[in-house]
Amino acid sequence: MTAFKPLVFSGVQPTGNLHLGNYLGAIRKFVALQEENDCIYCVVDLHSITAQLVHEDLKGQIRSIAAAFIASGIDPEKHIVFNQSAVPQHAELAWIFNCVARIGWMNRMTQFKDKAGKDRENASLGLLAYPSLMAADILVYRATHVPVGDDQKQHLELARDIAMKFNLDFRDKIRASGTGVDILVGDEPVHAYFPMVEPMIEGPAPRVMSLRDGTKKMSKSDPSDLSRINLLDDAETISKKIRKAKTDPEALPSEAEGLKGRPEAENLVGIYAALAGTSKAQVLSEFGGQQFSTFKPALVDLAVSVLSPITDEMGRLMGDTAHLDAILRDGGERARARAEKTMAEVSDIIGFLR
């Protein structure tokens, strides 16, 4: 090999209902990336049990994410859509990466600190080792690029650290195996088995906030369903939620600068801009000076026009679970073929007897 073949990998956890923030922040980007890239999109069901072990309907949640991928426009024939647990090599490589990674690296992960809170001694070992599994998700396919949000950048840095340590620790065996690639890491030449995965940041990601509190992110875990627009909400529900969305009594400003200190106004304008594929400034050039009583109905119409086809197709797919399961099974088989090759080569590099 003279270079790593470009490959995009990303995944979404099957926990709770997917909402507008998930769509605008991740899934819509996945759809765009597939036009010019080889892509693998995964429902990361192994990750879903790190913070919550028992789920009422994990199979249904897995299907829901897969349906959202496909309904949004991801092509499961040209690319790969599958659920993580169908490819046991994710967990197999994660164990090796647990032995490569250092405890100090894991203890520095801010997401573990946030999720474990003060009772970290009672957190699951899986939650602590979560970033090691995430590294394995990416590197079991030797993926080169990952679309990431701010909350995952640190985990991607850890994946690079793990890849680099493996490459350096096993440099002689990698060269002897004939499976490595000569790369430059900074100014240092490295004969690498795993690539230094790069983040894909496609412009500023729309930060979609709660409809009930413009200072908090839209979340699947918020107890109020009125705080979010779910991808499975029908037109009437979307309309009700936007009409009830928290606002302030002032008219919309004519320029984006006027949104400062008005989180709810900024959120609704940002949602409109993201759905329309335009900027906040352009939205305000059209609606500046108008009241929310005028703006909200326009936002309802736009949201319904964008989301209703996705909602309808998700419903159709989830109503035919045999077809949806067949898509996931096919994707799992194709993903497993790639992962098996990687694990065979990694096993030879480490020196396992096969």
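Presented here is an overview of the structure given in this document. (Residues numbered from 1 in each chain as written. Predicted model: local features only at pLDDT ≥ 70, side-chain atom pairs only at ≥ 80, totals over all residues. Heavy atoms only, no water.)

**Description of the packing of aromatic side chains**
- Throughout the structure, instances matching the rule amount to 13 aromatic pairs.
- Relative to Phe 69, the ring of Tyr 41 has its centre 6.2 Å away and its plane inclined at 50°; by these criteria the two rings are tilted. On the criterion of sequence distance, the pair formed by Tyr 41 in strand 2 (residues 39-43) and Phe 69 in helix 2 (residues 58-72) is long-range, its members being 28 residues apart.
- For Tyr 41, a relative accessible area of 0% puts it in the buried group.
- The buried category is assigned to Phe 69, whose relative accessible area is 0%.
- On the basis of an interplanar angle of 75° and a centroid distance of 5.5 Å, the ring pair of Phe 97 and Phe 194 is categorised as edge-to-face. With Phe 97 in helix 3 (residues 89-100) and Phe 194 in the loop between strand 6 (188-192) and strand 7 (198-200), this residue pair connects regions lying 97 residues apart in the sequence. Exposure class is identical for Phe 97 and Phe 194. Each is buried.
- An aromatic cluster of three or more residues is present, and its members are Phe 97, Phe 166, Phe 170, Tyr 193 and Phe 194.
- If you follow Arg 142 out to its NZ or CZ, it ends over the ring of Tyr 193, 3.7 Å from the centre. (Phe/Tyr/Trp six-rings, centres within 6.5 Å; stacked < 30°, edge-to-face > 60°. Helix = DSSP H or I, 4+ residues; strand = E, 2+ residues; numbered from the N terminus. Buried < 20%, exposed > 50% of the residue type's maximum accessible area, 1.4 Å probe, protein only. Lys NZ or Arg CZ within 6 Å of the ring centre and 35° of its normal.)

**Let's talk about the pairing of strand 3 (residues 80-83)**
- On strand 3, burial covers both faces: Ile 80 and Phe 82 on one face and Val 81 and Asn 83 on the other are all buried.
- The parallel pair strand 2 and strand 3 is bridged by helix 2, and the resulting crossover is right-handed. (Right-handed = clockwise from strand over helix to strand, strands pointing away.)

**Digging into the pairing of strand 5 (residues 181-185)**
- Both strand 5 and strand 6 contribute to a ladder of five bridges, which runs antiparallel. Bridged to Leu 184 within strand 6 is Pro 189.
- Hairpin connection of strand 5 to strand 6: two residues between the antiparallel strands, including Gly 186 at a positive phi of 70°. (Pairing = 2+ DSSP bridges.)

**Some points on empty space enclosed by the protein**
- With the rule as written, the count across this model stands at two cavities of 30 Å³ or more.
- Here the largest cavity is characterised by a volume of approximately 60 Å³.
- Forming the walls of the largest cavity are Met 109, Gln 111, Phe 112, Lys 115, Leu 127, Tyr 130, Pro 131 and His 155.
- Breaking the lining of the largest cavity down by element, the ones donating at least two residues are helix 5 (110-116) and helix 6 (125-139).
- Classifying every residue of the lining of the largest cavity by side-chain character gives five nonpolar, two polar and one charged.
- Computed from the structure, the second largest cavity encloses a volume of approximately 40 Å³.
- Lining the second largest cavity, in full, are Asn 17, Leu 18, Ser 64, Asn 230, Leu 231, Leu 232 and Met 314.
- Class assignment for the residues of the lining of the second largest cavity results in four nonpolar, three polar and no charged. (1 Å grid on protein atoms, 1.4 Å probe; cavity = no way out; pocket = protein on both sides within 12 Å on 5 of 7 lines; lining within 4 Å. Points joined across faces, edges and corners; volume = space filled by probe spheres on them. Nonpolar A, V, L, I, M, F, W, Y, C, P; charged D, E, K, R; others polar.)

**Notes on the nonpolar core**
- Counting residues in hydrophobic clusters, the biggest one holds 60 residues, and the most contacted among them are Leu 20, Phe 69 and Phe 295.
- If you tally residues by element for this core, the top one is helix 12 (residues 292-318), at 12 residues.
- When sequence neighbours within four positions are dropped, the list of residues in contact with Phe 295 reads Leu 252, Leu 268, Val 269, Tyr 272, Val 283 and Phe 287.
- Counting residues in hydrophobic clusters, the runner-up holds 56 residues, among them Ile 40, Phe 82, Phe 97 and Met 164. (Core = buried A, V, L, I, M, F, W, Y, C linked by side-chain atoms within 4.5 Å. Contact = heavy atoms within 4.5 Å.)

**Here we look at a positive patch on the surface**
- On the surface, Arg 212, Lys 240, Arg 243 and Lys 244 cluster together into a positively charged patch.
- Tracing the sequence through the fold places Lys 244 in helix 9 (residues 235-244).
- We classify Lys 244 as partly exposed; its relative accessible area is 46%. (Patch = residues over 30% accessible without salt bridge, like charges linked within 9 Å, V, L, I, M, F, W, Y side chains within 5 Å. Areas by Shrake-Rupley, 256 points an atom, 1.4 Å probe, with all protein chains shown as cover. Salt bridge = Lys/Arg side-chain N within 4 Å of Asp/Glu carboxyl O. Lys, Arg positive; Asp, Glu negative; His and termini not counted. Charge placed at Lys NZ, Arg CZ, Asp CG, Glu CD.)

**Quick word on the packing of helix 3 against helix 7 (residues 153-169)**
- Direction vectors running N to C along helix 3 and helix 7 enclose 80°, while the axes themselves pass 10 Å from each other. As summarised for this structure, helix 3 and helix 7 are arranged roughly perpendicular, according to the angle between their axes. Together, Ile 96, Phe 97 and Val 100 of helix 3 and Ile 162, Lys 165 and Phe 166 of helix 7 make up the contact between the two elements.
- Broken down by class, the residue content of the contact of helix 3 with helix 7 amounts to five nonpolar, no polar and one charged. (Axes fitted to C-alpha atoms, helices over the stretch in contact; angles between N-to-C directions. Parallel < 35°, antiparallel > 145°, perpendicular 65-115°, else oblique.)

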